[in-house]
Amino acid sequence: MSPHATSPRDLLDVDAPDRAHWIELPSHRSSVRVARRSVRARLGEWGLSRELCEDAVLLVSELATNAVIHTLSVRILCGMGLVADGCLRLEVHDHDYSGRGLPRREAGPDDEGGRGLLLVEQLAESWGVDRSRLTSGHAVWATLTA
């Protein structure tokens, strides 16, 4: 399956459609790479600082990886928008209708994974999990401020 864009007017609360970017992807590990590339390319077009771009790419990677690995979703929806001057909002929506909460775990010193939400907590200005009005699954979001 190939990724496709989704109309930004229906999603993030932004002033102009050119201030939002969305991509829907199959829930496969390879889609995380596609999400990173897509976010990096759009942020480059928006002319945001290198540091903000690097943090945003890392956060989208972590959120998309969690959606792919920890949900029963077949597809994920990754997006970002400039919601205010200097504020970037990132969102990853899944289609997991199971009602299960998102798993939270403590990574051991030798574990290769399990630190994604710790990174999100450290890098994001704020973050959270809501029920997605778009997919009825989870919507995990984070904000970054330039």
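Residues numbered from 1 in each chain as written. Predicted model: local features only at pLDDT ≥ 70, side-chain atom pairs only at ≥ 80, totals over all residues. Heavy atoms only, no water.

End to end, helix 1 (residues 29–46) covers 27 Å across 18 residues, agreeing with the expected 26 Å (1.5 Å per residue, within 8%). For helix 1, the set of buried residues is Ser31, Val32, Ala35, Ser38, Val39, Leu43 and Trp46. In an axial view of helix 1, the angular spread of the buried residues amounts to 130°, which keeps them on one side of the axis. Residues of helix 1 that are exposed and angled more than 90 degrees away from the buried face: Arg37, Gly44 and Glu45. Buried residues belonging to helix 1 abut strand 1 (20–26), helix 2 (50–70), strand 2 (75–84) and strand 3 (87–94). (Helix = DSSP H or I, 4+ residues; strand = E, 2+ residues; numbered from the N terminus. Expected span 1.5 Å × (residues − 1). Buried < 20%, exposed > 50% of the residue type's maximum accessible area, 1.4 Å probe, protein only. Arc of directions from axis to C-beta. Contact = heavy atoms within 4.5 Å.)

We now examine the nonpolar core. Judged by nonpolar contacts, the single largest core of 30 residues is most densely connected at Leu43, Cys78, Leu88 and Leu90. It is helix 2 that contributes the most residues to this core, 10 residues altogether. Every residue in contact with Leu43, bar those within four places of it in the chain, is listed here: Leu48, Cys53, Ala56, Met80 and Leu88. (Core = buried A, V, L, I, M, F, W, Y, C linked by side-chain atoms within 4.5 Å.)

With that settled, the discussion passes to the pairing of strand 4 (residues 126–131). Pairing between strand 4 and strand 5 (residues 138–145): 6 bridges, direction antiparallel. Bridged to Asp130 within strand 5 is Ala139. (Pairing = 2+ DSSP bridges.)

Inspection of the entire model under this criterion finds 4 salt bridges. Here Arg75 makes a salt bridge to Glu24, at a shortest N to O gap of 3.3 Å. In this pair, Arg75 is assigned in strand 2 and Glu24 in strand 1, connecting sequence segments 51 residues apart. Residue classification places Arg75 among the buried positions, given a relative accessible area of 15%. Arg50 serves as the salt-bridge partner of Glu54, at 3.0 Å between the closest nitrogen and oxygen. (Salt bridge = Lys/Arg side-chain N within 4 Å of Asp/Glu carboxyl O.)

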